[in-house]
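Residue-level structural notes
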Amino acid sequence: MPYAAITYRVKPGHEDEIAEIFANFRRVDSPVLRDEDGTEVGELLGTAVFIRDDLMVRVIHYQGDFAAIGRHMAKQQGVHSLESKLAPYLAEQRDTKTTEGFQTYFRNATMRCISQLSREEYVPPQPA
């Protein structure tokens, strides 16, 4: 199952305030991802958020169409509430009020994945 990482540049020294915002995050209404026609195209399996100094990273574990995550999250009221509370702590402001703006930020802030390993791909070492 793939992972993605989204970056946020934040103002350093506000880690506790940002942690509090995420502690009260209202979860998405469904982990199921759908396309514009309503067809199921993926699923959110989990997320985690990490912060250090001026960098915050959200790691997303998902299956299916990655682009559907941005569309799905852009429609979530809890995400918009979090975005407005997070805004004062962002080093770089961005437009996430519209679906298009949110998707643009989401796409531009995605880190390049250089390695993903899972248990399913594990091959035990062969005896010499």
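Preceding block: the structure.
Residues numbered from 1 in each chain as written. Predicted model: local features only at pLDDT ≥ 70, side-chain atom pairs only at ≥ 80, totals over all residues. Heavy atoms only, no water.

1. Here's the deal with the overall build of the chain
Cut-off, in case you're wondering: Helix and strand labels come from DSSP, where a helix needs a run of H or I of at least four residues and a strand needs a run of E of at least two; each type is numbered from the N terminus. A simple rule labels every residue: compare its accessible area, found with a 1.4 Å probe on the protein chains alone, to the largest value its type can have, and call it buried under 20%, exposed over 50%, or partly exposed in between. Working rule for contacts: check all heavy atoms of both residues, and any pair within 4.5 Å makes them a contact.
A tally of regular secondary structure across the chain gives four helices and four strands. Its helices and strands taken in sequence order, the chain reads β-α-β-β-β-α-α-α from the N to the C terminus. Once the C-alpha set of the chain is aligned to its principal axes, its extents read approximately 60 × 40 × 25 Å. Counting over 128 residues, the chain shows a buried share of 30%. Counting only contacts in the chain whose residues sit at least 6 apart along the sequence, the fraction spanning at least 24 positions is 68%.

2. Let's talk about the packing of aromatic side chains
In plain terms, the rule: Any two rings among Phe, Tyr and Trp, with Trp reduced to its six-membered ring, count as a pair given centres within 6.5 Å; such a pair is stacked if its planes are under 30 degrees apart, edge-to-face if over 60, and tilted if neither.
Summed over the entire model, instances satisfying the criterion amount to four aromatic pairs. Ring plane angle 50 degrees and centroid distance 6.0 Å describe the contact between Tyr8 and Tyr105, whose orientation is recorded as tilted. Of this pair, Tyr8 sits in strand β1 (residues 3-9) while Tyr105 sits in helix α4 (residues 99-108); the two residues are 97 residues apart in sequence, bridging distant segments of the chain. This pair shows no difference in class: Tyr8 is buried, exactly as Tyr105 is. With a centroid separation of 6.0 Å and an interplanar angle of 20 degrees, the aromatic rings of Phe102 and Phe106 are classed as stacked. With a gap of four residues between them, Phe102 and Phe106 both fall in helix α4, about one helical turn apart. On the basis of relative accessibility, which here comes to 6%, the residue Phe102 falls in the buried class. In this structure an aromatic cluster arises from ring pairing among Tyr62, Phe66, Phe102 and Phe106.

3. What about the environment of Glu83?
You can see Glu83 is positioned in helix α3 (residues 77-86). As a C-alpha pair, Glu83 and Val28 span 55 residues in sequence and 14 Å in three-dimensional space. In this structure Glu83 touches Tyr8, Arg94, Thr96 and Phe102, once residues within four positions along its chain are discounted.

4. A look at the nonpolar core
The cut-off we apply is this: Among buried residues, the Ala, Val, Leu, Ile, Met, Phe, Trp, Tyr and Cys ones that are joined through side-chain atoms within 4.5 Å form a nonpolar core.
Residues Ile6, Tyr8, Met56, Ile60, Ile69 and Leu86 are the most contacted members of the largest nonpolar core, which totals 24 residues. Setting aside residues no more than four positions away along its own chain, Ile6 makes contact with Met56, Val57, Arg58, Ile60, Phe66, Tyr105, Phe106, Ala109 and Thr110.

5. As for the pattern of salt bridges
Pairing between side chains of opposite charge can happen when the charged atoms of each approach one another. Definition in use: Salt bridge, as applied in this entry: a Lys or Arg side-chain nitrogen positioned within 4 Å of an Asp or Glu carboxyl oxygen.
The full count for this structure, using the stated rule, is five salt bridges. The closest approach of N and O atoms between Arg9 and Asp54, which form a salt bridge, is 3.6 Å. One end of the pair, Arg9, is in strand β1; the other, Asp54, is in the loop between β3 (40-52) and β4 (55-64), and 45 residues separate them in sequence. The exposure class of Arg9 is partly exposed, given its relative accessible area of 39%. The residue Glu36 makes a salt bridge to Arg71 at a minimum N-O spacing of 3.6 Å. With Glu36 in the loop between β2 (32-34) and β3 and Arg71 in helix α2 (residues 66-74), this pair connects stretches of sequence that are 35 residues apart. A relative accessible area of 64% places Glu36 in the exposed class. Given a relative accessible area of 14%, Arg71 falls into the buried group. Via salt bridges that share partners, Glu36, Asp65 and Arg71 belong to a single interconnected network.

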